[in-house]
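Here is what each chain is made of, one letter per residue.
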Amino acid sequence: MNVLVIGGGGREHALAWRLRRSPQVKQLFAAPGNPGIAGIGQCIKPASVDPDSYLQIARSVEADLTIVGPEAPLAAGVVDLFRGQRRRIIGPTRQAAQLEASKVFSKQFMLRAGVPTPRAATARTPEEAKKNLDEFGFPVVLKADGLAAGKGVIIAEDKTQALAALASLPVGQIVVEEFLAGEEVSFIVFTDGDKVIPLEATQDHKAIGDGDQGPNTGGMGAYCDGRILSPEQTQSILGEIIHPTLEQMKADGTPYTGFLYAGLMMTSSGPKVLEYNARLGDPETQALMHRLDSDLVAVLLDGHKPQWRPEPSVCVVVAAHDYPREVRTGDRITGIENSGAEVFQAGTRIGPNGLETAGGRVLGVTASGKDLQGAIDNAYAAVEHIHFDGMKYRKDIGRKGLKRW
Ligand code: AMP
Ligand code: GLY
C-alpha cells in the first residue's frame, strides 16, 4: 500500500523509518516531511496547512493509509475530512482532539470521567488567577488553555515567579493547578475505537537542563526499556485511566480513535493525569519506533500486538542555540552519516552548503544497547560525532531509568 505521513518532525521521521521496514508499504510519502524523511520517501509540501491540502496530496499519491503526527492538523479536522471522503486515516476527529487542544476542556473532562488528576481551578483572566494562587500554595503550576507546543506550562516556585508567569502567558483562560512531585511517564495507546493496544511506557525529559532544571521544552530526550512500569501498574493505568477516558469519550458522543497519550505523574497515591495528547509523543516516538519489532501497519490495521526488542532504546534530542527561546537557524550540520546511530531529523533544511538547522529541536539521536546504560552510551557516542554551532543537549537522558536495572 501507499502510506502518507502528515508532519515533518522527528516523530514523523521515526514513523516513516519504521513504516519503510513494513513489507506492506510500497510507496512512502510525507507532507511536508523533512530532509531526513526525504532519504527514505517522497516529501510533498502542502499548499497550506488546511486539511484540504493534505486531502489533495493523499488523492494525488493514492494513499491507502494516512498517519497524522502533529496536533495542529487534528485540531483543524483532517481526520473528519478524510473519513468523509472514505479515506483511511489514523488519528482522532477534531472534537476528540479537543482532549489536547484545550487544558480547560481536558480538566473538566477528567473530572467527569473520574480520571485521577491534580486539583485545579480555571481562571478567565490573570487577575482571577492571582486570586487562586493562595489556595494552592507553592510551587504552583500555571497552564495556558490552548495549544502551545509543550511550552504553555510554567511551574512557579513563589509568588514573584507566579506573577511574572501570569504576565507572560498568552491571552486566554488559565488553569491554576496543584504541583505534584514524582516521576513522569508517557503512556500511549492505540485504539481503533474498540480495541485498545498499549505501547510500551516511555519517559520524556521535558526541562531544558540536566537534572530537570530550567524551563520546559517540547521534550529533550526519551527512553524505552520495558521496565518503566510493572505489569500491575500498566493494568491499573489501563483500568483507572485509559478505559474510563475512552468510555467517557463515547458517552460524550465523540468516540476516540488513533493514538491517545496520557502524560502521567506517578505519585505516592497512584498515577495522575497531567495532560492528554491526541497523538504520539515527540521524542517518545523516536524511542518507541526504534525498539518496536513488529510491522507497524499490522499493528494499526490488523490489531497485532506489538512486539518489542529486548534492547532498550534512547533518543537524545540535539537542539539549536538558545532553544527553547527564539532560536538561530542556518547553522551547518555535519557528522550524521558516521554517527553510528539512527538520527531522526526535526528542525533541519537543505541550505546552500548542505544540511543546516531550521528549528528548535534539530535532531533525535537514537540508539539501542544491551542494557539501558549501553543504550545511553551508544546514543551519546553518536552525538559526539555530530556538530553544528550552538548545539545543545542534555547529558542525562535515560539516567533516571538506571535504578531499575
Ligand atoms: P502538561 O502540558 O500539562 O503536560 O505540562 C507540561 C509539563 O509540566 C509536564 O510534563 C510536567 O513536567 C509539568 N507539569 C504539569 N503539570 C504539573 C503538575 N501538576 N505538577 C508537577 N508538574 C507538572
Ligand atoms: N514529548 C511530549 C509531547 O510530545 O508532548
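Residues numbered from 1 in each chain as written. Chains lettered and ligands numbered in written order. Predicted model: local features only at pLDDT ≥ 70, side-chain atom pairs only at ≥ 80, totals over all residues. Heavy atoms only, no water.

### So, empty space enclosed by the protein
We apply this condition: In this analysis the probe radius is 1.4 Å and the grid spacing 1 Å, with only protein atoms considered; a cavity is a set of points the probe fits into but cannot get out of, a pocket is an open set with protein on both sides within 12 Å along at least five of seven lines, and lining residues have an atom within 4 Å of a point. Grid points are joined across faces, edges and corners, and a volume is the space filled by probe spheres set on the points. Put simply, DSSP H or I for four residues or longer makes a helix, DSSP E for two residues or longer makes a strand, and each gets a number counted from the N terminus. Under this grouping Gly is polar, as are all residues other than the nonpolar Ala, Val, Leu, Ile, Met, Phe, Trp, Tyr, Cys and Pro and the charged Asp, Glu, Lys and Arg.
According to the stated counting rule, one finds 3 cavities of 30 Å³ or more in the structure shown. Of the voids in this model, the largest cavity is the one considered here, and its volume is about 40 Å³. Looking at the largest cavity, the residues that line it are Lys103, Ser106, Lys107, Met110, Lys143, Val175, Glu177 and Leu274. At the level of elements, α7 (103-113) and β9 (174-178) are the ones that each hand at least two residues to the lining of the largest cavity. A per-element tally of the lining of the largest cavity places α7 first, with 4 residues. Each residue belonging to the lining of the largest cavity can be placed in one class, and the counts come to 3 nonpolar, 1 polar and 4 charged.

### What about the sheet that holds strand β16 (residues 258-267)?
Either a parallel or an antiparallel arrangement is found when strands of a sheet pair, and the pairing is made through backbone hydrogen bonds. Going by this rule: Here, any two strands with at least 2 DSSP bridges between them count as paired. Angles run from 0 to 180 degrees between N-to-C directions of axes, and those axes are lines fitted to C-alpha atoms, restricted for helices to the stretch in contact.
Taken in spatial order, the 4 strands of this open sheet run β11-β10-β16-β17, and their pairing is antiparallel. Looking at which strands have only one partner, the edges of the open sheet turn out to be β11 (196-198) and β17 (270-277). Each adjacent strand pair in this sheet contributes to an overall mean axis angle of 35°, direction not counted. Strand direction decides the pairing type here: β16 and β17, joined by 7 bridges, are antiparallel. Within the sheet, the bridge partner assigned to Met265 lies in β17 and is Lys272.

### Topic: the site of ligand 2
The cut-off we apply is this: The cutoff for a nearby residue is simple: one of its non-hydrogen atoms must lie within 4 Å of the molecule or strand. Identification of polar contacts relies on pairs of N or O atoms within 3.5 Å, with a donor-acceptor requirement for protein atoms, meaning one able to donate a hydrogen and the other able to accept it, and with residues adjacent in sequence counted only if both atoms are side-chain atoms.
The environment of ligand 2 is made up of Asp204, Lys206, Gly218, Tyr261, Asn277, Arg279, Gly281, Asp282, Pro283 and Glu284. Asp204 has a polar side-chain atom sitting 2.7 Å from a nitrogen atom of ligand 2. Contacts to ligand 2 include Glu284, whose side-chain N or O atom sits 2.8 Å from a nitrogen atom. Taken together, the residues of the shell around ligand 2 break down into 2 nonpolar, 3 polar and 5 charged.

### Section: the environment of Met266
Inclusion rule: Exposed residues in this analysis have more than 50% of their type's maximum accessible area, buried residues have under 20%, and partly exposed residues fall in between, with area computed by a 1.4 Å probe over protein chains only. Any pair of residues with heavy atoms lying within 4.5 Å of one another is described as a contacting pair.
Relative to the assigned elements, Met266 resides in strand β16. What makes Met266 buried here is its relative accessible area of 17%. Excluding residues that lie within four positions of it along the chain, Met266 makes contacts with Ala181, Gly182, Glu183, Val185, Leu229, Gln233 and Pro271.

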